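Summary of structural features
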Amino acid sequence: MNKTLIVAACLLAFAGIAQAQDAGAPGNSAADNGGWTGSGEFGFASAHGNSRTENINAKLGLNQENEYWKNNFFLNGMRSKGEVSVRDAAGNTINRFSTTANRYDSGASVGYKLDPRSYIVGAARYEHDDFGANLWQGIVSLGYGYIALKNERTELSFEIGPGYKRYRPANSLVQINGVNTVVRRPTESEAVARGLINYKYRLTDNTAFEDTLLLEAGSKNKYYQNDAGLSVSMTKKMALKLGFQVRYNSDTQPGTKSTDTLTTTNLVYNF
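The next subject is the overall build of the chain. Helix and strand counts for the chain stand at 1 helix and 14 strands. For the chain, with 271 residues in total, the buried portion stands at 35%. Sequence-distant contacts, at least 24 apart, represent 50% of the contacts inside the chain between residues at least 6 apart.

What follows is the structure in structure tokens.
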């Protein structure tokens, strides 16, 4: 089922690209390209000495908005390594340089405008997280979107609608006959309500703030994610971006937290 959700996301993205090709000939501006814009982000940090850590994250985003369509595609990845304390076979505590985070997610949405503000939107998202509450989760949805505000400095839009979600909770560790044993948890599925709030505000000609709140709520599992970012342009194409992400999952293992945060400083290329 997770492969099906990936295919669905790709189909939505390909559909949006096909619409962009039909919209007009290529050019140097978003209007010439059928309303398409994009950006790529990359961040890396490494520390060696008294402590040893390595972190890398990358993002790719494509957006289209014109008279008829409001489309979006994204692909994100994050991997981190650090020193962790573990017990060896003899029961001694040792430090080991090991992977502490490994996550990627991808998604797409295709919106057809009913008028300049209202649109019908189909969306799909897939996420894999080796250290999260869910090993993987995917959702497809169909809903209604509304652009509440849009001018040269500010944009505010909302999306809401029903969806279908499948996910596999992370493996659990239980004691069987005094031995810690990894138990695979079964795949779950349920109907969910999906909501998205996207806010953009340009503070100055070269400074912009953006905040996106995603909600996927079902009777068994609730997932919320908020991404806030402040970017400062260095040139027309290049910018520095400070990002702060908060993720909440209602279904976690004993001894783990429901809320995760991530702070990033990335180099951004706009195209």
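Here the narrative resumes, following the displayed structure.
Two side chains that carry opposite charge are able to pair once their charged atoms sit near each other. By the definition in use, this model includes 13 salt bridges. Across the pair Lys-70 and Glu-65 runs a salt bridge, and its minimum N-O distance is 3.5 Å. A single burial state applies to Lys-70 and to Glu-65, both of which are buried. Glu-127 is paired through a salt bridge with Arg-125; the nearest N and O atoms lie 3.1 Å apart. Arg-125 sits in the buried class, given a relative accessible area of 7%. Residues joined in a network through salt bridges with shared partners are Arg-125, Glu-127, Asp-129, Lys-165, Glu-216 and Arg-247.

This next bit is on the side chain of Lys-165. Among the secondary structure elements, Lys-165 is positioned in strand S7 (residues 154–169). Looking at Lys-165, its side chain comes within polar contact range of the side chain of Gln-137, at 3.0 Å. In this view, Lys-165 contacts Gln-137, Gly-138, Ile-139, Glu-188, Ser-189, Glu-190, Val-192, Glu-216, Asn-221 and Tyr-223; residues no more than four positions away in its chain are not counted.

Let us now look at the packing of aromatic side chains. Under the counting rule described, the total for this entry stands at 4 aromatic pairs. Seen from their ring centres, Trp-69 and Tyr-112 are 5.1 Å apart, and the 65° between their planes marks the pair as edge-to-face. Of the two residues, Trp-69 is situated in strand S3 (residues 69–87) and Tyr-112 in strand S4 (residues 93–113); the sequence distance between them amounts to 43 residues. The exposure class of Trp-69 is partly exposed, given its relative accessible area of 22%. The lysine or arginine in question, Lys-165, covers the ring of Tyr-167, its NZ or CZ lying 5.5 Å from the ring centre.

Turning next to the pairing of strand S14 (residues 259–270). Bridging between strand S1 (residues 36–47) and S14 involves 4 bridges; their strand directions are antiparallel. Across the sheet, the residue bridging to Gly-40 is Tyr-269, located in S14. Two strands pair when backbone bridges link them, and strand S13 (residues 238–249) and S14 are joined in this way by 11 bridges, in the antiparallel orientation. Along S14, the bridge assignment pairs Met-238 with Tyr-269.

Counting buried positions along strand S5 (residues 118–129) yields 11 of 12 residues, so the element is predominantly enclosed. Examined bridge by bridge, S5 and strand S6 (residues 134–150) share 11 bridges and lie antiparallel to one another. Note that in S6 the partner of Ser-118 across the bridge is Tyr-146. Once S5 ends, the chain turns through 4 residues before running back antiparallel as S6.

Right, let's talk about a nonpolar patch on the surface for a bit. The grouping of Tyr-68, Tyr-112, Leu-114, Ile-120, Leu-142, Tyr-144, Tyr-146, Phe-158 and Ile-197 at the surface amounts to a nonpolar patch, some 840 Å² of accessible area in total. The greatest single-element share of the nonpolar patch, amounting to 3 residues, is contributed by S6. Its location among the elements puts Phe-158 in strand S7. Take Phe-158: its relative accessible area is 34%, and that puts it in the partly exposed class.

With 81% of its residues at a pLDDT of 70 or more, the chain has an overall mean of 84. A low-confidence stretch, residues 1–27 stays under pLDDT 50, and its non-local contacts, those more than four residues away or across chains, total 41 contacts.

With that out of the way, let us pick up the environment of Thr-154. Relative to the elements of secondary structure, Thr-154 occurs in strand S7. Classification of Thr-154 by relative accessible area gives buried; the value is 12%. Expressed as a C-alpha distance, the spacing of Thr-154 and Arg-202, which sit 48 residues apart in the sequence, is 6.5 Å. Among all residues touching Thr-154, those that are not within four sequence positions of it are Leu-149, Tyr-199, Lys-200 and Tyr-201.

With that out of the way, let us pick up the environment of Lys-222. Within the element layout of this structure, Lys-222 appears in strand S12 (residues 222–233). Sequence separation between Lys-222 and Ser-250 is 28 residues; the distance between their C-alpha atoms is 5.3 Å. Once you skip the residues sitting within four places of it in the chain, Lys-222 turns out to touch Glu-216, Ala-217, Tyr-248, Asn-249 and Ser-250.

So, how was this worked out
- Residues numbered from 1 in each chain as written.
- Predicted model: local features only at pLDDT ≥ 70, side-chain atom pairs only at ≥ 80, totals over all residues.
- Heavy atoms only, no water.
- Helix = DSSP H or I, 4+ residues; strand = E, 2+ residues; numbered from the N terminus.
- Buried < 20%, exposed > 50% of the residue type's maximum accessible area, 1.4 Å probe, protein only.
- Contact = heavy atoms within 4.5 Å.
- Salt bridge = Lys/Arg side-chain N within 4 Å of Asp/Glu carboxyl O.
- Polar contact = N/O pair within 3.5 Å; in protein donor to acceptor, adjacent residues only side chain to side chain.
- Phe/Tyr/Trp six-rings, centres within 6.5 Å; stacked < 30°, edge-to-face > 60°.
- Lys NZ or Arg CZ within 6 Å of the ring centre and 35° of its normal.
- Pairing = 2+ DSSP bridges.
- Patch = residues over 30% accessible without salt bridge, like charges linked within 9 Å, V, L, I, M, F, W, Y side chains within 5 Å.
- Areas by Shrake-Rupley, 256 points an atom, 1.4 Å probe, with all protein chains shown as cover.
- pLDDT = per-residue confidence, 0-100.

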